[in-house]
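Here is what each chain is made of, one letter per residue.
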Amino acid sequence: MASSHGTPPVFNNKVIAWIDYRLPIFSYIEKEYHTFPTPRNFNYFWNFGAIATVMLVLMIATGVVLATNYTPNVLMAFDSVERIDRDVPSGWLMRDLHMNGASFFFIAVYVHIFRGMYYGSYKQPRELLWILGVVIFLLMMATAFMGYVLPWGQMSFWGATVITSLFSAIPVVGDSIVTWLWGGFSIGNPTLNRFYALHYLLPFIIVAVVALHVVALHVHGSNNPTGIDPKGPQDTVPFHPYYTMKDGFGVVIFLIVYSAVVFFAPDMLGDAANYIPADPLVTPTHIVPEWYFLPFYAILRAVPDKLGGVIAMFGAIAVLFVLPWLDTSRVRSSTFRPIYKWFMLLLVVDVVVLGFCGANPPAGFWIPLSQVATLYYFVHFLILLPVLGKIERPLPLPPSIADSVLKKKAG
Amino acid sequence: MASSSVPADGHGDPTRRDFLMVATGALGAVGAAAVAWPFINNLNPAADTLALASIEVSVTPIEVGQAITVKWRGKPVFIRHRTEKDIKEAEAVPMSELPDPQTDNSRVTDSAKKVRPEWLIMIGVCTHLGCVPLGNKPGQDKGPYGGWYCPCHGSAYDTSGRIRKGPAPLNLVIPEYLFVSDSLVRIG
């Protein structure tokens, strides 16, 4: 795995030494999570990988428990979720943790993605690390979408109808693909069954890709706020106890906010229409996906053509895969990129604007606004990133991480 | 596919071993595809879902200007008893104005080729992303063309159910139907 750091550990406990000689898990933990040299200058943005991992574990734990009481049948699904909420011991807590956990998992991952983009963590030699991250993001979206269908409320049903119908935009084979996805001529019992099976499966695939993500991370180590590589021991600290403590602290703060929502406003992020049982004959007047999909939904609706809208929406995610090659600047951190820094922050504003566009009905000024915001999104990636790297003059980089930290303290 | 039988210059004639390697690999790939197919096909609609339930609907109670919604294959089907004005409007539209050109007559012909302009029977599913358009119930927004309006993404249909404005690419779909008698229609 990573290049050797320090001498191999010696275990005093005989049992541990016996096991480690045959299966070196303790050496691995020691090397990758204890002595692992980590840049000394992380800011709190670097907490969100650990936070996202905690949320993934929490989602799997609550999900497995919920699965023991849920019934994936169109006649019983809605009632079984209500039963979990009302009759099953601690069922309400498991459900509210799971339902809001999805939102907080996405919050953590969106901050994590922002950090990667702002500090250029996707650049050479971490391109594959970034791509694995985008794969995780896609898997999360699929998992969250299918999970939202399971309570079989009005938004479950119609959200599922709209999203699966996206595939009908594919020329020639589109309709056959949609019938195949549905297992019928409309969203129905076969659809609910398969979504349940996949919703249970995908999180474990996410765990596997997260493992690869971490392995790739540990080959060249973490990026840091300066974006320059550690040049020696003076630039790093051991992962434990320094970052186990800092990550632990961040996780606790994050969980406090999460708990506040779970206990005091569990339905704040949901849609009231999902407490109406699914009705295949009545579309709710205003279909909205969960908040974490809103920017992509706005891009879908911004293009006044069915196939074009679908291509733009998938393109908005696909462009992330090639981000490492679109960015031509060799400077990683936006801190030292005086022009790009502002466009990067403008992109954040743009995505938030797209979110509001997605939440509102496709009428009035929301249509041109979502079109302008969609245009900027693609201009940012396809034009600004390649061009700015060539014409921007970056600020002078500090000679080393230690130097930048000590100077900041002194100044 | 490099093997020890290839000389160092890499230009040796293919040997028996090379042939066997390629043949085995090809057979393996065909086998893998053959095994994958039942897994993929397993997700297609089952026989009971496919067993095409046709429904019969009595249209006698539907007054002129009224519309009803019935469920067929899990989807809503709109049956509208059109007024003279609806029919005239639909017939007057020039084909050049239609994104998906179809004459009104062709949309009100049953499978016995009998034209009944007063009865418009369509699958009530927006051809954009599958919402049920509004306009079938009294008081609902019929949209700018007096037919149906999809609230999800703003597609507007005329009194013949043809797409006029918005992201939907096609007209509302006409299912196969047959008037068994003047008052009874079989859908499917």
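Residues numbered from 1 in each chain as written. Chains lettered and ligands numbered in written order. Predicted model: local features only at pLDDT ≥ 70, side-chain atom pairs only at ≥ 80, totals over all residues. Heavy atoms only, no water.

Take the pattern of salt bridges next. All names here are of chain A. Per the stated rule, a full pass over the model turns up 15 salt bridges over all chains. In this structure, the salt-bridge partner of Arg95 is Asp85, at a minimum N-O distance of 2.9 Å. With a gap of ten residues between them, Arg95 in helix 5 (residues 91-118) and Asp85 in helix 4 (residues 77-86) connect regions that are remote in the sequence. Among the ionic pairs, Arg337 bridges to Asp327, the shortest N-O distance being 3.4 Å. Of this pair, Arg337 sits in the loop between helix 13 (323-326) and helix 14 (340-359) while Asp327 sits in the loop between helix 13 and helix 14, and the two are ten residues apart along the sequence. (Salt bridge = Lys/Arg side-chain N within 4 Å of Asp/Glu carboxyl O. Helix = DSSP H or I, 4+ residues; strand = E, 2+ residues; numbered from the N terminus.)

On inspection of all chains with the given rule, the structure shows 37 aromatic pairs over all chains. Centroid distance Phe114 of chain A to Tyr118 of chain A: 5.6 Å. Interplanar angle 35°. Geometry classified as tilted. Within this pair, Phe114 of chain A and its partner Tyr118 of chain A are both found in helix 5, separated by four residues, close to a single helical turn. You'll find Phe114 of chain A and Tyr118 of chain A in the same group, each marked buried. Ring centres of Tyr377 of chain A and Phe378 of chain A lie 5.4 Å apart, and the angle between their planes is 75°; this geometry places the pair in the edge-to-face category. On the accessibility criterion, Tyr377 of chain A (6% relative accessible area) is buried. Connected via pairs of aromatic rings, a cluster forms that spans Phe42, Phe45, Trp46, Phe114, Tyr118, Tyr119 and Tyr243 of chain A. The lysine or arginine in question, Arg80 of chain B, covers the ring of Trp148 of chain B, its NZ or CZ lying 4.4 Å from the ring centre. (Phe/Tyr/Trp six-rings, centres within 6.5 Å; stacked < 30°, edge-to-face > 60°. Buried < 20%, exposed > 50% of the residue type's maximum accessible area, 1.4 Å probe, protein only. Lys NZ or Arg CZ within 6 Å of the ring centre and 35° of its normal.)

It is worth spelling out the sheet that holds strand 2 (residues 67-72) of chain B at this point. Residues and elements named next belong to chain B. Pairing within the open sheet is antiparallel, and its three strands lie in the order 2-3-4. The two strands at the open ends of the sheet, each matched to only one other strand, are strand 2 and strand 4 (119-123). On average, adjacent strands in this sheet sit at an angle of 20° to one another, irrespective of strand direction. Two elements, strand 3 (residues 75-81) and strand 4, share five bridges in a ladder whose sense is antiparallel. In the sheet register, Phe78 faces strand 4, and the bridge partner there is Met122. (Pairing = 2+ DSSP bridges. Axes fitted to C-alpha atoms, helices over the stretch in contact; angles between N-to-C directions.)

This part covers helix 5 of chain A. The first and last C-alpha atoms of helix 5 of chain A sit 40 Å apart over 28 residues, in line with the 40 Å expected at 1.5 Å per residue. Taken across its 28 residues, helix 5 of chain A has 20 buried, putting it largely inside the fold. (Expected span 1.5 Å × (residues − 1).)

This part covers the sheet that holds strand 8 (residues 177-179) of chain B. Residue and element names in this part refer to chain B. Overall, antiparallel pairing links the three strands, which are arranged 1-9-8 in an open sheet. Edge positions in the sheet fall to strand 1 (55-58) and strand 8, since each has one partner strand and no second. Within this sheet the neighbouring strands show an average axis-to-axis angle of 20°, counted without direction. Two strands pair when backbone bridges link them, and strand 1 and strand 9 (residues 184-187) are joined in this way by four bridges, in the antiparallel orientation.

Take helix 7 (residues 154-165) of chain A next. Residues and elements named next belong to chain A. The first and last C-alpha atoms of helix 7 sit 16 Å apart over twelve residues, in line with the 16 Å expected at 1.5 Å per residue. If you check which residues of helix 7 are buried, you get Gln154, Met155, Ser156, Phe157, Trp158, Gly159, Ala160, Thr161, Val162, Thr164 and Ser165. Against helix 6 (127-149), helix 8 (174-182), helix 9 (189-220), helix 11 (294-302) and helix 12 (306-321) lie the buried residues of helix 7. (Contact = heavy atoms within 4.5 Å.)

This part is about the state of the cysteines. Should the sulfur atoms of two cysteines be covalently bonded, the bond is a disulfide. Residues and elements named next belong to chain B. For the structure on display, the rule yields one disulfide over all chains. The disulfide partner of Cys131 is Cys152, and the gap between their sulfur atoms is 2.1 Å. Because the torsion about its S-S bond is -105°, the bridge between Cys131 and Cys152 counts as left-handed. Linking Cys131 in the loop between strand 4 and strand 5 (146-149) with Cys152 in the loop between strand 5 and strand 6 (156-158), this pair joins segments that are 21 residues apart in sequence. Cys152 carries the same exposure label as Cys131, and that label is buried. (Disulfide = S-S within 2.5 Å.)

Here we take up the nonpolar core. Judged by nonpolar contacts, the single largest core of 119 residues is most densely connected at Tyr377 and Phe381 of chain A. Here this core gets 13 residues from one element, more than from any other, and that element is helix 6 of chain A. With 14 residues, the next largest nonpolar core counts Val70, Trp119, Val185 and Ile187 of chain B among its residues. (Core = buried A, V, L, I, M, F, W, Y, C linked by side-chain atoms within 4.5 Å.)

The next subject is unusual backbone geometry. Cis geometry marks the peptide bond from Gln124 of chain A to Pro125 of chain A, where omega comes out at 10°. Tracing the chain through its elements places Pro125 of chain A in the loop between helix 5 and helix 6. The step from His240 of chain A to Pro241 of chain A runs through a cis peptide bond, and the omega angle for that step is 10°. On the secondary structure map, Pro241 of chain A appears in helix 10 (residues 239-264). In this structure, Arg73 of chain B is a non-glycine residue whose phi angle is positive, near 50°. Within the secondary structure layout, Arg73 of chain B lies in the loop between strand 2 and strand 3. Overall, Arg73 of chain B belongs to the partly exposed group, its relative accessible area being 31%. Backbone geometry at Lys113 of chain B places phi at a positive 70°, although glycine is not the residue there. Within the secondary structure layout, Lys113 of chain B lies in the loop between helix 3 (84-92) and strand 4. By relative accessible area, which is 70% here, Lys113 of chain B ends up exposed.

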